[in-house]
Amino acid sequence: MYNKEKGLYVAHGSNGAISITGRMANRHGLIAGATGTGKTVTLQVLAETFCQAGVPCFMADIKGDLSGISRAGKMSGFIEKRCKEFGMDAPVFEGCPVRFYDVFGVQGHPMRTTISRMGPELLARLLDLNPTQSGVLNIVFRIAADRKLTLIDLKDLRAMLDYVAKNSSEFTTAYGNVSPQSIGAIQRALLALENQGATSFFGEPEFDIHDLLATEGGKGVMSVLAADRLMLQPKLYSSYLMWLLNDLYATLSEVGDLELPRLVFFFDEAHLLFDDAPKALLDSIERVVRLIRSKGVGVYFVTQNPIDVPEEILGQLGNRVQHALRAFTPRDQKAVKAAAETFRANPAFDTRDAIQELGTGEALVSFLDENGTPAIVECAKILFPLSQIGAITEQERADVIRRSSLYGKYDTAVDRESAFEILLAESERKAAADAAAKESQAKSAPKAKAEPKKKSSKGGFWSTVTKIAVPILTTMGRTLGREMVKNMTGGKKRR
């Protein structure tokens, strides 16, 4: 909870209230711990504390539990006990202003982006392309940009791939080799992506990143993304959240260290972002996380083990909440050791042992002080949320969506002219021109010479008779002549 005396008050230790320093809240953070140790409640407490301070937050709701942040909570025996422990009066329960989003447009306002805006790097990971195929995808994006062809949705990208494949010889010198095999592999990957329902993700109207910075009545608006279905495609989930971070970094202006962040971004199931990520993508993530704090954005990664986060990024997460870890396997033991070593030691206890002994709702906590130095780690109990713990009903969700100021802004998809339509029209014009050229060539070609007239059937008959009769008559004439000579001489032989 937030107040002027305690600031961003989120936990209570042996020395009293433990708060996040407002000016250091954009130095990012980590919420880690095994399943069932209280990470989701910690996320909810942090988010509503920022909300009360006027800081909007974005969070992905993996199981639907976070939807309860939109409604007021209620007193329970557990909360009464916590109030006594912390020396607090009975709290005033209240919900936060919330906007529900859904990539698929079912449980909230649609959140779309375009193929061009996502870019080839994230799209290559989403399609699980190898380096050669990723290179070809980069070439396709470059050709589209040079030709001023906007890639909005999947059919635009399909048309562009087909166009580049058919004209590959024309592009090889300027852009590099484009093999039919790579084009075919990308097309197949696109088909698989379509089968996962990603068609609704790419399109327009495109989501305006500034809608995440909204406040209502002095409170920060909580942007809650329904991610239960999205999580069934882990790479789509992680690529989508990374696109949001990239877009925030590319769009927002520099503001430096403000008294409070402009936005806090919770990245739940963070290990999905880093699993099997190529080095180029990891470098990109590290760069965005390092630089986005100057835009007033704090990023809080939520995961089971700190070792899920690469060291280059883990080193930038100054505000830490570590719930219990269990050391059953060698990997678990490594995670416990790594988590313990990231804290500034407290002489009152052994950090490594403490991590394994924490109860549900308890955590090791260390936040940055005013100078940006990590505080000594403390064993603490996380505060209880003032909003409802657990999911709301479908009707309650529908009511929140209808009352939203964004209702109707993104609901109807728009399909304007883009690469698909332009390339189709160009192909039709070329086909028409080719047909016209063939017709013109046929008309201008010289006529063939007339065949000689055939002789009549009569002439043909007498010609045949002549060929047969002449030799016969000649032979008969010779025989008759010999007989006449013989009669004149009386048949006598010469002596």
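All values derive from a computational prediction rather than experimental measurement. (Residues numbered from 1 in each chain as written. Predicted model: local features only at pLDDT ≥ 70, side-chain atom pairs only at ≥ 80, totals over all residues. Heavy atoms only, no water.)

A.B. asks: Looking at this structure, how should I read the packing of aromatic side chains?
C.D. replies: Ring pairs (aromatic) are described by centroid distance and by the angle formed between their planes. Considering all chains together, one arrives at 14 aromatic pairs under this definition. Considering the side-chain rings of Tyr-101 and Phe-207, the 5.3 Å spacing of their centres and the 80° angle between planes classify their relative orientation as edge-to-face. Here Tyr-101, found in strand β6 (residues 98-102), pairs with Phe-207, found in the loop between α7 (180-195) and β8 (215-216); they are 106 residues apart in sequence, far enough to count as distant. Here Tyr-101 matches Phe-207 in class, with each residue buried. One aromatic cluster in this structure is built from Phe-58, Tyr-237, Phe-265, Phe-267, Phe-274 and Phe-301. Cation over ring: Lys-295 sits above Tyr-249, and NZ or CZ is 4.4 Å from the ring centre. (Phe/Tyr/Trp six-rings, centres within 6.5 Å; stacked < 30°, edge-to-face > 60°. Helix = DSSP H or I, 4+ residues; strand = E, 2+ residues; numbered from the N terminus. Buried < 20%, exposed > 50% of the residue type's maximum accessible area, 1.4 Å probe, protein only. Lys NZ or Arg CZ within 6 Å of the ring centre and 35° of its normal.)

A.B. asks: Got a minute to help me understand the pairing of β6 in this structure?
C.D. replies: In summary, the side chains of a regular strand alternate between the two faces of the sheet. Burial analysis of β6 places five of its five residues in the buried class, the great majority of the element. Burial along β6 is two-sided: the face carrying Val-98, Phe-100 and Asp-102 and the face carrying Arg-99 and Tyr-101 are both buried. As judged from the four bridges shared by β6 and strand β10 (residues 222-226), these two strands associate in the parallel manner. Residue Phe-100 lies in a different strand from β10, and its bridge partner there is Val-224. Bridge count between β6 and strand β7 (residues 109-110): two bridges; the pairing is parallel. Looking at β7, one finds that Tyr-101 is bridged to His-109. (Pairing = 2+ DSSP bridges.)

A.B. asks: Please clarify how unusual backbone geometry should be interpreted in this entry.
C.D. replies: Note: most residues except glycine have negative phi, and most peptide bonds are trans. The linkage connecting Glu-204 with the following residue, Pro-205, adopts the cis geometry, with an omega of 5°. Mapping Pro-205 onto the fold places it in the loop between α7 and β8. Not every positive phi belongs to a glycine, and Asp-128 is a case in point at roughly 60°. Phi at Glu-269 is positive, roughly 50°, even though this residue is not glycine. Relative to the helices and strands, Glu-269 resides in the loop between β11 (263-268) and α9 (271-274).

A.B. asks: Sorry, what's going on with empty space enclosed by the protein here?
C.D. replies: One way to see where empty space is left: roll a probe the size of a water molecule over the atoms. Per the stated rule, a full pass over the model turns up one cavity of 30 Å³ or more. The calculated volume of the largest cavity comes to roughly 30 Å³. Residue lining of the largest cavity: Leu-30, Pro-306, Arg-320, Val-321, Gln-322, Ala-339, Thr-342 and Phe-343, and that is the complete set. Element by element, the count of residues in the lining of the largest cavity is highest for strand β13 (residues 319-322), at three residues. For the lining of the largest cavity, the per-class residue count stands at five nonpolar, two polar and one charged. (1 Å grid on protein atoms, 1.4 Å probe; cavity = no way out; pocket = protein on both sides within 12 Å on 5 of 7 lines; lining within 4 Å. Points joined across faces, edges and corners; volume = space filled by probe spheres on them. Nonpolar A, V, L, I, M, F, W, Y, C, P; charged D, E, K, R; others polar.)

By themselves, these observations are geometric and do not establish any function.
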